Amino acid sequence: MSLVRKPSAAASWYLPGILAGMWFTFVKMIGNILNPKKMPTLNYPEEKYEYGPRFKGNHVLTVKKDGSIRCTACMLCATACPAQCIKITAAEHDDPTVEKFPISYEIDVLRCVYCGFCEEACPVDAIRMGPEWQTAGLNGSKFAYDIQQLAYRPQLKGGVVSVLDDQERHQAGI
Ligand code: SF4
Ligand code: SF4
């Protein structure tokens, strides 16, 4: 006995279904033309979705008031990163009051899972997840973000200064 069921005569006649689908599409199209504000889609890239302030987008390395990088190369972010996509090389600073600084800091954003652990782990507000989320590129090298890209890319307009003031932090003992 064959287990393959033959379609009924009504189901094998496709034209009513096709016409119903076209009618539904036509009604939706007219509705969208008449009420563009009610459309559930955006005309990307002309229109972009605005995420909330807690959105975890592309990383930003913050800078001090003098424009130098805030990171102290303590490695806590790299240790906390579950994707192991942060590579830091520390170096001694000329200023004796600064213990060390990152001579190179790189995030492979193709491996990053945007969990925000690096931001949480940083004791000096040196890394943040910013509001930018467009990371298109033609080859993989564009996705290895270095210090220049993380702290001084043109969109940051000279760098993001931390809300933590160094002097206040020292006075508070943190
Ligand atoms: S967001 Fe998560 S995965 Fe990405 S660099 Fe930070 S800790 Fe690593
Ligand atoms: S970004 Fe913060 S946690 Fe990461 S190495 Fe720099 S100071 Fe340490």
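Residues numbered from 1 in each chain as written. Chains lettered and ligands numbered in written order. Predicted model: local features only at pLDDT ≥ 70, side-chain atom pairs only at ≥ 80, totals over all residues.

Trainee: When you look at the overall build of the protein chain in this model, what are you seeing that I'm missing?
Mentor: Helix and strand counts for the protein chain stand at 5 helices and 5 strands. Listing every helix and strand of the protein chain by position from the N terminus yields α-β-α-β-β-α-β-β-α-α. Reported as C-alpha extents along the three principal axes, the dimensions of the protein chain are approximately 85 × 50 × 35 Å. Residues counted as buried form 14% of the 174 residues belonging to the protein chain. Taking as baseline every contact in the protein chain between residues at least 6 positions apart, the subset at least 24 positions apart corresponds to 71%. (Helix = DSSP H or I, 4+ residues; strand = E, 2+ residues; numbered from the N terminus. Buried ≥ 20, exposed ≤ 12 C-beta atoms within 10 Å, placed from the backbone. Contact = placed C-beta atoms within 7 Å.)

Trainee: Before we go on, may I ask you to explain the pairing of strand β3 (residues 100–108) in this structure?
Mentor: As defined by bridge partners, strand β2 (residues 86–92) adjoins β3 across 7 bridges and the pair is classed as antiparallel. Each bridged residue has a counterpart across the sheet, and for I88 the counterpart in β3 is Y105. Bridging between β3 and strand β5 (residues 144–145) involves 2 bridges; their strand directions are antiparallel. Bridging across to β5, D108 finds its partner in A144. (Pairing = 2+ DSSP bridges.)

Trainee: So what exactly am I meant to see when it comes to the site of ligand 1 here?
Mentor: Every one of the 14 residues lining ligand 1 counts as a neighbour, but C81, C112, C115, F117 and C118 are closest to it. Of the residues that constitute the shell around ligand 1, the class distribution is 13 nonpolar, 1 polar and no charged. (Near = placed C-beta within 6 Å. Nonpolar A, V, L, I, M, F, W, Y, C, P; charged D, E, K, R; others polar.)

Trainee: Explanation requested: the nonpolar core in the structure shown.
Mentor: Within soluble globular proteins, side chains that are nonpolar generally end up buried alongside one another. Ranked by size, the top nonpolar core spans 17 residues in total, and within it L61, I127 and L150 carry the most contacts. Looking at this core, the elements that each hand over two or more residues are β1 (59–61), β3 and α4 (147–152). (Core = buried A, V, L, I, M, F, W, Y, C linked by C-beta atoms within 7 Å.)

Trainee: Which parts of the structure should I look at to understand the environment of I69?
Mentor: Note on placement: I69 falls in the loop between β1 and α2 (76–80). With 33 residues separating them in the primary sequence, I69 and P102 have C-alpha atoms 8.5 Å apart. When sequence neighbours within four positions are dropped, the list of residues in contact with I69 reads L61, V63, F101, P102, I147 and A151.

Trainee: Is there a simple way to explain helix α1 (residues 15–34) in this structure?
Mentor: Counted at 1.5 Å a residue, the expected span for α1 with its 20 residues is 28 Å, and the 29 Å between its end C-alpha atoms agrees. Taken across its 20 residues, α1 has 0 buried, putting it largely on the surface. (Expected span 1.5 Å × (residues − 1).)

Trainee: I would appreciate a short explanation of unusual backbone geometry in the present structure.
Mentor: A cis amide bond links Y44 with the next residue in sequence, P45, at an omega value of 10°. With a phi close to 50°, Q84 is a non-glycine residue in the positive phi region. One can find Q84 in the loop between α2 and β2. For Q84, a count of 10 C-beta atoms within 10 Å corresponds to the exposed category.

Trainee: I'm lost on the confidence of the model for the protein chain in this one. Help?
Mentor: Low-confidence regions, as indicated by low pLDDT, have predicted coordinates that should not be scrutinised in detail. Residue-level pLDDT values for the protein chain average 87, and 91% of them are 70 or greater. Within the protein chain, helix α5 (residues 166–172) has the poorest average pLDDT of any element, 54, and α2 the best, 97. (pLDDT = per-residue confidence, 0-100.)

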